[in-house]
Amino acid sequence: MAERLDSAGLTFRQDYFGDTAGWAALVCLLRDIFGIDIGPLQQLGGPDPTSMPFGWFDAEGELAANISAFALPFVLNGRIVNAAGLQSGAVRPAWRGRGLYRDVTVKALDWCDRQGFEAVILYTDKPSLYEAYGFHAIPLHRYEGAAAVPSSFAARARPLLPTNADDLALLQSLLKARSPVSTSLAVTVNAAMFLINTQLDPDIRISFLAERQAAIAWKMDEAGRFSLLDVVAAEIPPLAAILGGLEITPASVEALFRPDKLGWEGAPQQLEGGTRLMLRGLGDATLDFPAMLSPMAEF
């Protein structure tokens, strides 16, 4: 039997990101439930302008339950899909078991349908929770292999700091004009998600290849494995040029997206455990090739 809604003592609101107190309530909710701080997003250009949050607030203005929808067009098997994403889904423990999360989820999906989105995607570590709403999980794969020989002709890259005003403006310009990093599975627009992810993981480095007008999101571990998280550019440079610009010769490479534009081939490795990417709509659509969304697009 479906959970009945018990909203006694609460007030429903939507579209409250423009309200300082409403935004602060979401920041507090996500910090309390997940231990993540999205507050710095306000200094990085603000939340995605297409966002539509749905939530139940208590009398003191605390957010008891929330989920947010936003426009998230993405490439799937070479085609741009007019899609929405769902994120920031959470309920405070004291308010669980009252049907609040089901209520905001249904409201968000109804809104997506009215907006004409042909698909909705989300990340979750509880995939069974969303199957009842018509979502199915997409198997995700990273790629790994030997490093390409770094190009000796590449100009040296420089670090980009999103907290620096000039670097932030450059990143925003690159994100606005970016091409999808893969033809198999990739977002076409993700400025807010990319920028906040630079702050959530201190190990992520962002470097700028001026001659390629490309921002590279990457990591390097102690074993010398180079992890390529994302490439933001109108034209994706080859891996050899990226490694040459970074002036590194890694022991191995992993690409956290299908590297079909990198001039490099690795072996696909299925991601196990953790969060799952789920899709609603497009029938039983599956990937033509093993792929994953860049971690910089996680939400």
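For the structure itself, look to the data block above.
Given the structure is predicted, the values throughout are model-derived calculations rather than measurements.

Pairing between the strands of a sheet comes from backbone hydrogen bonds, and it takes one of two forms, parallel or antiparallel. The seven strands are arranged 1-2-3-6-7-17-8 in an open sheet whose pairing can be described as mixed. Where the open sheet ends on each side, the last strands, each with one partner, are strand 1 (10-14) and strand 8 (135-138). Each strand axis lies, on average, 20° off the axis of its neighbour in the sheet, ignoring direction. Pairing of strand 6 (residues 83-91) with strand 7 (residues 119-124) involves three bridges; the strand directions are parallel. Across the sheet, residue A84 finds its bridge partner in strand 7, namely V120. Contacts from helix 1 (residues 20-34) reach strand 2 (52-58), strand 3 (63-71) and strand 6, with the element oriented near 70° to strand 6.

Before going further, it helps to examine the packing of aromatic side chains. Following the criterion strictly, the structure yields 10 aromatic pairs and no others. Ring centres of Y16 and F57 lie 4.9 Å apart, and the angle between their planes is 90°; on these two criteria the pair is classed as edge-to-face. Of this pair, Y16 sits in the loop between strand 1 and helix 1 while F57 sits in strand 2, placing them 41 residues apart in sequence. Each member of the pair, Y16 together with F57, is buried. The rings of Y16, F17, W23 and F57 are connected pair by pair, giving a single aromatic cluster. Residue placement shows K107 over the ring face of F12; its charged tip is 4.8 Å from the ring centre. Looking at R258, its charged tip hangs above the ring of F289, at a distance of 3.9 Å from the centre.

What follows is about the pattern of salt bridges. A full pass over the atoms with the stated rule returns 17 salt bridges. R92 is the partner of E62 in a salt bridge, and the nearest nitrogen-oxygen pair spans 3.6 Å. Of the two residues, E62 is situated in the loop between strand 2 and strand 3 and R92 in the loop between strand 6 and helix 2 (100-114); the sequence distance between them amounts to 30 residues. We classify R92 as buried; its relative accessible area is 9%.

Here the focus is a nonpolar patch on the surface. There is a patch of nonpolar side chains on the surface, built from F34, I36 and L200 and spanning about 250 Å² of accessible area. Mapping F34 onto the fold places it in helix 1. Accessibility expressed as a relative area gives 46% for F34, which makes it partly exposed.

Glancing now at the pairing of strand 6. Buried residues dominate strand 6, accounting for eight of its nine residues. For the segment spanning strand 6, helix 2 and strand 7, crossover handedness is right-handed.

Let us look at the side chain of T198. Of note, T198 is situated in helix 5 (residues 191-200). A polar side-chain atom of T198 sits 3.0 Å from a polar atom in the side chain of Q199.

The rules behind each value
Residues numbered from 1 in each chain as written. Predicted model: local features only at pLDDT ≥ 70, side-chain atom pairs only at ≥ 80, totals over all residues. Heavy atoms only, no water. Pairing = 2+ DSSP bridges. Helix = DSSP H or I, 4+ residues; strand = E, 2+ residues; numbered from the N terminus. Axes fitted to C-alpha atoms, helices over the stretch in contact; angles between N-to-C directions. Contact = heavy atoms within 4.5 Å. Phe/Tyr/Trp six-rings, centres within 6.5 Å; stacked < 30°, edge-to-face > 60°. Buried < 20%, exposed > 50% of the residue type's maximum accessible area, 1.4 Å probe, protein only. Lys NZ or Arg CZ within 6 Å of the ring centre and 35° of its normal. Salt bridge = Lys/Arg side-chain N within 4 Å of Asp/Glu carboxyl O. Patch = residues over 30% accessible without salt bridge, like charges linked within 9 Å, V, L, I, M, F, W, Y side chains within 5 Å. Areas by Shrake-Rupley, 256 points an atom, 1.4 Å probe, with all protein chains shown as cover. Right-handed = clockwise from strand over helix to strand, strands pointing away. Polar contact = N/O pair within 3.5 Å; in protein donor to acceptor, adjacent residues only side chain to side chain.

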